[in-house]
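Here is what each chain is made of, one letter per residue.
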Amino acid sequence: MTATDQPPSPPGEADQARAGGDVIALRQATRAWFAISWQTFGGPAGQIAVMQRALVEDKRWIGQQRFNHALSYCMLLPGPEAQQLAIYTGWLLNGTRGGLIAGTLFVLPGVLALLALSALYVAFGSTTALVGVFAGLAPAVVAIVVQAVSRVAKRSLTHPLLIALAAVSFAALALFSVPFPIVIAAAALAGWLIGRYKPDALKPAAAHGAGDGPAPLIPDDALHHEQPSRGRTWRILGAGLLLWAVPVAAVALLTGTGSVFTTQGLFFSGTALVTFGGAYAVLAFVAQQAVQTYGWLSAKEMVSGLALAETTPGPLIMVVQFVAFLGAYRDPGTLDPWAAALLTTWVTFVPCFLFIFLGAPYIERLRGNRRISAALTGITAAVVGVIANLALYFAEHALFTDVDEKSFGPLRIALPDLTTLRPAALAITVIAALLIFKLRWSVLRTLGICAALGLGAALTGLPGI
């Protein structure tokens, strides 16, 4: 039975929700986002993979082309693209309420986990048990991300020109260190040129995925019901800017304009607007300012914070919460360090909601514009290369202790020191790959097994963990 032969579903909660403007019942969507939020390990690649698997493949709530279109837009924005993709998809499913719920739940486990770990870090340093659990999760993510690259590529790269574009994007990032915005801009231009001179290359494969299951609830050719308007734009812009600025202003009134809390609120508000290319692209700047300019923490502590953020759910940019906590802990004032961490989290992620709610209705209408769609298709192809590059980066740092950057003329390649291979991490990666690819275990189940293996390896003193 093909997707078009599926019998109509009996009326139920989802059908009633659709009549009220929701594609799926809000309660059901909330449960799904809650489950997804605890699986968002591994940076953008792993997080996109989790949503791809849950929303596109398993639940069939959104079509592949719609998912790719939303992802292409999010890749153009500053901030964590995976969280913005969650907000966009939540908005498609349940409007503004859905976007708020999806975006909040997406970062909530990471906020809670990193708050607790920050407190434990300043109180006890690193403990064997915690290090073991997180060390077991990191290698598992390598297998999960490899699966993500395979699945996204299979569904998005439907023509040799798009495969070539993905390969060139990967090489530009991994071999030549081309800035991310330039890669995305070039991909958009390439997509536009392909759409103009070779339009057949941008058509999705007709038979691709036809027999994978029932038709998605949000078809690839459907438009969201919410219309863009000048009044709506001004309302969202005013509310968003107010929500973004009021906490910083309140902290400035309570602690003074020169306090560490106000300085952090203003500094991280600024970084939220320049995080093009994901967290990796901006963390060098954050580390330099936090360590050398403001003295909030040491370089070694910055590395420890990055390691904690790598192995907790949610966007990697969450490391700024750790930075703020330690900075306020070292320079106590009238507020608790927890307040600094939460303020930093607020000013980092509120703009993500603002960008999506402002732009999504316009981006939806642009899907009918062939030139814009062609450019976004080019970006989608480049995204495969971007995810592959992130997968390589994560694998190198999960499996090796030392990774050095080597330059050979225009080539700049990150090469791991093979003598620093972590045997236990490699073994856990192999086990995770077997569980995912051979036994087809779920991501959550695989992560649980690998966390237990990492804990056991740490407690028994195995090398390479």
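Engineer: Is there a simple way to explain the overall build of the chain in this structure?
Structural biologist: Per the secondary structure count, the chain includes 17 helices and two strands. Sequence-distant contacts, at least 24 apart, represent 75% of the contacts inside the chain between residues at least 6 apart. If you sum the accessible surface of the chain, you get close to 20500 Å²; carbon and sulfur atoms cover 67% of it.

Engineer: Looking at this model, I keep getting lost on the packing of helix α9 (residues 230–255) against helix α10 (residues 260–271). Mind explaining?
Structural biologist: Relative orientation and spacing of two packed helices are given, respectively, by the angle between their axes and the distance between those axes. Interhelical geometry of α9 versus α10 gives an angle of 155 degrees and a closest axis separation of 8 Å. Between α9 and α10, the interaxial angle falls into the category roughly antiparallel. Crossing angle aside, the handedness with which α9 passes α10 is left-handed. Residue-level contacts link Trp244, Val248, Val251, Ala252 and Thr255 of α9 to Phe261, Thr262, Gly265, Leu266 and Ser269 of α10.

Engineer: I'm lost on the packing of aromatic side chains in this one. Help?
Structural biologist: Any aromatic ring pair is given by two values, namely how distant the centres are and how the planes are angled relative to each other. A complete count under the given rule lists 10 aromatic pairs for this structure. Relative to Trp296, the ring of Phe268 lies with its centre 6.0 Å away and its plane at 35 degrees, an arrangement referred to as tilted. Of this pair, Phe268 sits in helix α10 while Trp296 sits in the loop between α11 (279–293) and α12 (299–310), placing them 28 residues apart in sequence. Judged by relative accessible area, Phe268 falls into the buried class, the value being 0%. Judged by relative accessible area, Trp296 falls into the buried class, the value being 5%. Aromatic pair Phe353 and Phe357: ring centres 6.4 Å apart, planes at 40 degrees, arrangement tilted. In this pair, Phe353 and Phe357 both sit in helix α14 (residues 337–366), four residues apart, roughly one turn of the helix. The pair formed by Phe353 and Phe357 is uniform in burial state, with each residue classed as buried. Three or more aromatic residues joined by ring pairs make a cluster, and in this case those are Phe267, Phe268, Tyr294 and Trp296. The cationic tip of Lys59 hangs over the ring face of Trp61; the distance from NZ or CZ to the ring centre is 5.3 Å.

Engineer: Explain the pattern of salt bridges to me, please; I cannot follow it from the model alone.
Structural biologist: Two side chains that carry opposite charge are able to pair once their charged atoms sit near each other. Under the counting rule described, the total for this entry stands at two salt bridges. Notably, a salt bridge pairs Asp22 with Arg97, separated by 2.8 Å at the nearest N-O pair. Of the two residues, Asp22 sits in the loop between α1 (13–19) and α2 (26–37) while Arg97 sits in helix α5 (residues 81–124), which places them 75 residues apart along the sequence. Ionic pairing is found between Arg66 and Glu364, a salt bridge with its closest N-O pair at 2.4 Å. With Arg66 in helix α4 (residues 64–75) and Glu364 in helix α14, the pair connects residues that are 298 residues apart, well separated along the chain.

Engineer: Can you walk me through the pairing of strand β2 (residues 411–416) in this structure?
Structural biologist: On any regular strand, side chains alternate: one points to one face of the sheet, the next to the other face. Relative to β2, strand β1 (residues 403–408) runs antiparallel, the two sharing six bridges. Looking across to β2, one finds that Lys406 is bridged to Ile413. What sits between the antiparallel neighbours β1 and β2 is a turn of two residues, in which Gly409 has the positive phi angle 65 degrees.

Engineer: Just to check I follow, could you spell out a nonpolar patch on the surface for this structure?
Structural biologist: Side chains of Leu421, Leu426, Val430 and Leu434 sit close together on the surface and give an oily, nonpolar patch of about 310 Å² of accessible area. Here Val430 lies in helix α16 (residues 423–438). With a relative accessible area of 44%, Val430 lands in the partly exposed category.

Engineer: For this particular structure, what's the right way to read unusual backbone geometry?
Structural biologist: Most of the time, phi is negative for any residue but glycine, and the peptide bond is trans. Phi angles above zero are rare outside glycine, and Arg60 is one such case at about 60 degrees. The backbone phi angle of Arg440 is positive, close to 60 degrees, even though this residue is not glycine. Tracing the backbone through its elements, the reader meets Arg440 in the loop between α16 and α17 (443–460).

Engineer: What exactly am I supposed to notice about the nonpolar core here?
Structural biologist: Side chains of a nonpolar character, in soluble globular proteins, are inclined to be buried together. With 112 residues, the main nonpolar core has Trp33, Met51, Tyr88 and Phe268 as its most contacted residues. Among the elements that make up this core, the one with the highest residue count is α5 (16 residues). Membership of the second largest hydrophobic core comes to 13 residues, among which are Val152, Leu162, Ala190 and Ala201.

Engineer: Please clarify how the environment of Ala458 should be interpreted in this entry.
Structural biologist: One can find Ala458 in helix α17. Through-space distance from the C-alpha of Ala458 to that of Val131 is 7.4 Å; in sequence the pair is 327 residues apart.

Engineer: What am I meant to see in α16 here?
Structural biologist: In an α-helix, one turn spans 3.6 residues, which is why side chains three or four residues apart end up on the same side. Over its 16 residues, α16 runs 22 Å from end to end, which matches the ideal 22 Å to within 8%, given 1.5 Å per residue. Two residues or fewer after α16 comes Arg440, characterised by a positive phi angle close to 60 degrees.

Engineer: Could you clarify how one ought to interpret the environment of Lys203 in this entry?
Structural biologist: Summarising the element assignment, Lys203 is placed in the loop between α8 (180–197) and α9. Relative accessible area serves as the criterion here: at 53%, Lys203 is assigned to the exposed category. Sequence spacing of Lys203 and Ala374 is 171 residues, and the spatial spacing of their C-alpha atoms is 9.7 Å.

Engineer: I keep staring at the environment of Phe67 and nothing clicks. Help me out?
Structural biologist: Within the element layout of this structure, Phe67 appears in helix α4. The spatial distance from the C-alpha of Phe67 to the C-alpha of Gln52 is 7.9 Å, given a sequence separation of 15 residues. Apart from residues no more than four positions distant in its own chain, Phe67 is found in contact with Ile48, Met51, Gln52, Val56, Ile62 and Leu85.

Engineer: Even after reading the chapter, I still don't get the side chain of Glu396, so can you show me in this structure?
Structural biologist: With respect to the secondary-structure elements, Glu396 resides in helix α15 (residues 370–399). Here Glu396 sits buried without a salt bridge, and the closest side chain of opposite charge, Arg422, lies 12 Å off (N-O distance). Leaving out residues up to four positions away in the same chain, Glu396 has contacts with Val403, Ala414 and Pro416.

Engineer: Help me understand the packing of helix α13 (residues 319–330) against α14, please; the structure alone is not making it clear to me.
Structural biologist: Remark: α13 packs on α14, axes separated minimally by 8 Å, with the N-to-C direction vectors making an angle of 150 degrees. At the point where α13 passes α14, the crossing takes the right-handed sense. Residues Val320, Gln321, Ala324, Phe325, Ala328 and Tyr329 of α13 form the contact with α14, whose participating residues are Pro337, Trp338, Ala340, Ala341, Thr344, Thr345 and Thr348. When the residues that make up the contact of α13 with α14 are grouped by side-chain class, the tally is nine nonpolar, four polar and no charged.

Analysis parameters
Residues numbered from 1 in each chain as written. Predicted model: local features only at pLDDT ≥ 70, side-chain atom pairs only at ≥ 80, totals over all residues. Heavy atoms only, no water. Helix = DSSP H or I, 4+ residues; strand = E, 2+ residues; numbered from the N terminus. Contact = heavy atoms within 4.5 Å. Areas by Shrake-Rupley, 256 points an atom, 1.4 Å probe, with all protein chains shown as cover. Axes fitted to C-alpha atoms, helices over the stretch in contact; angles between N-to-C directions. Parallel < 35°, antiparallel > 145°, perpendicular 65-115°, else oblique. Left-handed = near helix turned anticlockwise from the far one by under 90°. Phe/Tyr/Trp six-rings, centres within 6.5 Å; stacked < 30°, edge-to-face > 60°. Buried < 20%, exposed > 50% of the residue type's maximum accessible area, 1.4 Å probe, protein only. Lys NZ or Arg CZ within 6 Å of the ring centre and 35° of its normal. Salt bridge = Lys/Arg side-chain N within 4 Å of Asp/Glu carboxyl O. Pairing = 2+ DSSP bridges. Patch = residues over 30% accessible without salt bridge, like charges linked within 9 Å, V, L, I, M, F, W, Y side chains within 5 Å. Core = buried A, V, L, I, M, F, W, Y, C linked by side-chain atoms within 4.5 Å. Expected span 1.5 Å × (residues − 1). Lys, Arg positive; Asp, Glu negative; His and termini not counted. Nonpolar A, V, L, I, M, F, W, Y, C, P; charged D, E, K, R; others polar.

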